[in-house]
Structures are given as structure tokens and as C-alpha cells.
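# Reading the structure
Below are the chains, spelled out letter by letter.
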Amino acid sequence: MKVNVAPDMGMYNLLRVQGYDPAYAIAEFVDNAISAHLKEKTKTALKVEIKFYSTEYVDTAKAHSIEIIDNGPGIPGERLAEAMKPAKQPEHKGLSEFGIGMKAAAVWFADTWKLSTKPRSEAQEHSLTFDLTALLASGQQEVDVTSEVSKVNNHTTIRLLKPRRTIDREAFASICAELRDVYQRFTSGEIPRLELTAYFDGTPTNLRFDPTVIAPILDAPEFRSVGKQTYSIGKKRVWTVEIDTMFKGSRVTGTISLLEKGSYKSNPGLVIFRHERVICGTTNRPFVPANLFGTGNKYARQRVYGILFADDLPVTYTKDAFDFKESEFGEHLMTLPKVLELKTQAESYRTDSTKVIHFKTEAEFNRNVTNAAKPRPKPPAPSPAGGGGSGSGVGGGAAPRPTPAPPLPEPTEKVMTDLQASPHASTALRAVISEALLLYRTRREIALSMCLRAVLEAGMLLKIQRSFPKEYPKVADKGVVALINYMNTHTTDFFDAKNDFRLIKTINSIAGGQQKDVVLLNNASHAHYQPSLEEINRFVGNLENLLVWAYS
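Reference entry: report on the structure contained in this document. Everything quoted here is computed from the prediction, not taken from an experiment. (Residues numbered from 1 in each chain as written. Predicted model: local features only at pLDDT ≥ 70, side-chain atom pairs only at ≥ 80, totals over all residues. Heavy atoms only, no water.)

Before going further, it helps to examine unusual backbone geometry. Even without a glycine there, the phi angle at Glu276 is positive, about 75°. Looking at the secondary structure, you find Glu276 in the loop between strand S14 (270–274) and strand S15 (277–280). According to the relative accessible area criterion, Glu276 is partly exposed, its value standing at 28%. Despite not being glycine, Lys338 has its phi angle at roughly 75°, a positive value. Here Lys338 shows up in the loop between helix H10 (326–334) and helix H11 (339–348). (Helix = DSSP H or I, 4+ residues; strand = E, 2+ residues; numbered from the N terminus. Buried < 20%, exposed > 50% of the residue type's maximum accessible area, 1.4 Å probe, protein only.)

Taking a probe equal in size to a water molecule and rolling it over the atoms shows the remaining empty space. Here the largest pocket defines a volume of roughly 1,500 Å³. In terms of lining, the largest pocket is formed by 44 residues, of which the most central are Met334, Thr335, Leu336, Leu461 and Tyr472. Every element with two or more residues in the lining of the largest pocket is listed here: strand S12 (240–247), H10, H11, helix H14 (427–441), helix H15 (445–467) and helix H16 (472–475). Counting residues per element, the lining of the largest pocket draws most heavily on H15, at 8 residues. For the lining of the largest pocket, a count of residues per class yields 21 nonpolar, 10 polar and 13 charged. (1 Å grid on protein atoms, 1.4 Å probe; cavity = no way out; pocket = protein on both sides within 12 Å on 5 of 7 lines; lining within 4 Å. Points joined across faces, edges and corners; volume = space filled by probe spheres on them. Nonpolar A, V, L, I, M, F, W, Y, C, P; charged D, E, K, R; others polar.)

Let us look at the environment of Arg16. Along the polypeptide, Arg16 turns up in helix H1 (residues 11–16). Residues within four places of Arg16 in sequence aside, it is in contact with Val107, Trp108, Asp111, Leu132, Thr133, Leu136, Arg164 and Arg165. (Contact = heavy atoms within 4.5 Å.)

Let us now look at the nonpolar core. Grouped together as the largest cluster of nonpolar side chains are 54 residues, with contacts concentrated most on Leu160 and Tyr183. Looking at which element gives the most residues to this core, the answer is helix H2 (residues 22–40), with 9 residues. With residues near it in sequence (within four places) discarded, Leu160 still touches Phe29, His64, Ser65, Ile66, Ile68, Ala106, Phe109, Ala110, Thr112 and Trp113. In terms of nonpolar packing, the next biggest core, distinct from the first, is built from 43 residues, Leu429, Leu437, Leu456 and Tyr486 among them. (Core = buried A, V, L, I, M, F, W, Y, C linked by side-chain atoms within 4.5 Å.)

What follows deals with the sheet that holds strand S13 (residues 250–258). The 5 strands are arranged S12-S13-S16-S14-S15 in an open sheet whose pairing can be described as mixed. This sheet does not close on itself; its edge strands, each paired only once, are S12 and S15. Strand-to-strand twist of the sheet, defined as the mean angle between neighbouring strand axes without regard to direction, takes the value 25°. The pairing of S12 with S13 spans 8 bridges and is antiparallel. In the strand pairing of S13, Val241 is matched with Ile256. (Pairing = 2+ DSSP bridges. Axes fitted to C-alpha atoms, helices over the stretch in contact; angles between N-to-C directions.)

Turning to the packing of H2 against helix H6 (residues 169–182), a few remarks are in order. Two elements in contact, H2 and H6, have axes whose closest approach is 9 Å; the angle formed by their N-to-C orientations is 50°. Of the possible angle classes, the one that applies to H2 and H6 is oblique. As for the relative orientation of H2 and H6, their crossing is right-handed in sense. Contacts from Pro22, Ala23, Tyr24, Ile26 and Ala27 in H2 reach Ile175, Glu178, Leu179 and Val182 in H6. Looking at the contact of H2 with H6, its residues break down into 8 nonpolar, no polar and 1 charged. (Parallel < 35°, antiparallel > 145°, perpendicular 65-115°, else oblique. Left-handed = near helix turned anticlockwise from the far one by under 90°.)

Listed below in C-alpha cells is the structure:
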């Protein structure tokens, strides 16, 4: 029997130089074995062995080769032609999706490779040799298949002869670490579905994933930093956020958490599975969008850890990355409820409790920290003794004056205090509001403007996400000015003309340029404008209706 191996033999020249990583090239063979095993729906574990032989291996017949052996159902004789045809896509999407993986990976490693398979359903074992150099030289597109009756157990074995990519012990260790992470959902658990073992010159390495290498999830009160001092507030809680969102038209589910023990070295960041196989997020290749994790020296990089599932998101044909920009995915996650709160906790949390001041409640924190930063009023100058005051006090001094009523809080103080008490203010936003109050009381106008802009923009977006979920995807990526302009042209989507006329009037005046408070606040937060404290009070007073709506 002969099988046709190409629609265009010249395509194989391209496969030689494609962008594979050795671990993910090997993963193509493992993917095929798992796919066939899952279709068979057997309850026994699949065994896959990956054997690397160096040029110095004692058995010269095996030296300088790679073998991938599985005890799956094998490839029936009538399906060999289909299996060897590049770009012949399978009927169902799964681990084997593009119909080119095995052939592409084999040619990437070596020009000559052999396949032998004994189907469980047949008495014959089928074998073929693929020699790309000979095929190109002769112009042939078919290879011979030898079929013989055999008593060997069902299996599929692929031998890559004289691979052009040398795998030494260091590269072997890296491949093992990557494959261990990639197939963790198949190799872990009480009853693993996959027994994966790698060998280097006969020495085995078990690639079973150990879930205990991931630190426990953080169980701690909320931490908050004010200046150089760190505080903890309230009772302990488990720092995990459930994720169920749509990204680029595909559903993404899972959890994002904070690890109890942070680590730059062992934290893979966001581990994203597709059909139960890791596409990105391994120890050697962590997936850490900067929007969520910050730079490499930030605490979030050590502690934020996610397990996400995205079966329908497209991947690259080498299946080592999703077909989207890392920054876009990070930006999307940061718009989800409580994710910003996680990041804030990651940056504020400290393990040394001796340097942390604890408060049982938010109110206690505000009394002792927020209010402590408020400048004390200067005491009135004493009246001169014996002076000609209008009263007739003892010793001729001025008569005691009645204690004046305390002044009403200025707009910024009042509005921010009210927003902080709102049940719709997230932990992260409450921290920003606390910081705004501190900055207001210490007259740091530029930094205060940045906080106020965040309080307004994030509050409005969270309100829309909470109360108008159908509208949220249309505005999720808009800044505060663009958001208000959009709401002005779509007022009926957000407001009731009769009951919300004050809000509509505020939105109209901002978008129409009659009220420049948002624009000036936006400019100040970008350090393009230096407002006075009086101007900031005016900003907040004019925007009070909008802020109250956002946090209601």
C-alpha cells in the first residue's frame, strides 16, 4: 500500500524552519495520542513515553534519535492515508485541530522519520518511512506502507532519526518542565488519565504534575498602604475572584487568586487551558500581562495566579500561544469586578505582621488614619491682658466668646466621605477614596486630581456594568471624557427623562462644553493643568449628582 503525503512537497521546506519550541513540537505527538485515546472512551490511563538518545548513547542503532511511543488505539490501516496528509483537518475540534501537527513537528525535528502502529481493532501492524530528502530529490509524493500480522499490543511509535535540533541534558530538563505543566490536568489527580514519562539515554523522568508546587491561596484581611505605613482592616478572607466573561466573542471562565507565598520563579501567572491542555502560563514561560501584573519587580508579579479556561479562543498553529495581544487580554481582565481589588491587595499585602497596624473595621481605620491626616486648625490668638475689650472680664481681659459652630465640610470632604460608605464602592475604590481624602487635607492638588478622576471614571464604569450590563461592552474601554460624550448621545439607554432630569442636565452641560469640570480634572490628572483647592471643590460640587449616581 502507498499513501500520499503531500498536496505540495515544497511545503515541507517551510515546515523545516517554522517557529516551534522543542517542547511544543513534542507536544504535537502527545496531543494526537490523547485525542485518539479520548475518542475511544476507555477508562484506563494512556501511557506515553518520550525517549531522547544522545549521539553518545551505547546502542548505536538508537543513538541520535527521538522516540515517541503510546499505547493508544493505534491508527487503522484505512486511516493512514488521512493521517499522513498535511492540513487534513479532523472532524471535531480538540487537541488535534489543524491536521498538520504530527507531520509539521516531525519534519521540524528531522528529515527522516519512521511510523509504526498496531491498531487495537486489527491483527496487522503498519509501518512506513518518511525521507524528505529522497522525496524531494525524486519528485515523488507517495511512501510505501508495510503491513504484517503481529502479536504486539496496540501502539503508535514515531522515531525521529538524526534530528537537526540537538537535545542535551539541559534542553531535556527544560522540555520535561514544560510538558509537565502543559499536561497537568491529564497527569494529576487520584486517577490520572495520562502517564507521561520522558527518558534521556535510558534514564526515566516522571512528568506527573504535582499541584502542591502551587502555594495555597492567600487568606488574610484587606491590606492598605498610606504613605510608608501599611494597615490591615477587618476579618480574614480568601482572595479569589471568579471569572466568567466574554473576550473577543469567546467565553473565558475560571479564577484569579492571590498566592499566600509569592514567587517570581515558580509563579506561572495566568495558566490558560484550551481543551484541558495549557496553551500559555507555565513556570518557564509565565503569562503575566503588565496591565494586571505590573513590572517584574512588583508584588503582583509574585502573587497573582490564575486558572482560566478558553476552549473557543483561537490559537497559533504551534499551539504555544493564543491569537490575541497580551495587553488586550490584560486590559479586559482589569475591567472585571474585583480584579483591580486583587491587584491592590497584592501590592499592599505584607508578610511581616510586626510592621502592620490592624483595625477591626473601616470606620476605625478612617477615624485613626484618614482623619489623623487632617490639618488641625490654628488656635485663636489670645486677647492682650488688660486690653480695652468690650467686656468686663476678670483682670480687665476680654470677655469669653461663645464657641462657634463647626464649619460645614467642604464639597470634596463631604462627597468623598459619602462615597466611601457606599456599599457599591469596591475595596480598591475605597482605598483610592481614602487616599483622595488624605491628599485633599494635605493640599496635594495634582495627585488629588488623579485620584478624583479614577473615582469618577471607575465608579461610572462599575455602575454601568452593574445596572446596564448590555451597554457595558460598548463603553468598557472609554476614558471619562469619551464615556460622558457617549452617554450624552445615548441618554435614554441610561436615564429616565422624568426622574433623572438633573443627571441628564449635568451630562449635557459637560458634553456641550458649558461645564468644563471633567475636562479640567482630566487635564490636571495628566499634569497638564494645576488646579487650586478651591477649583477642586468646585469640580466635585458640580459633579456631585453624577458621583452619587455612580455609587448608588
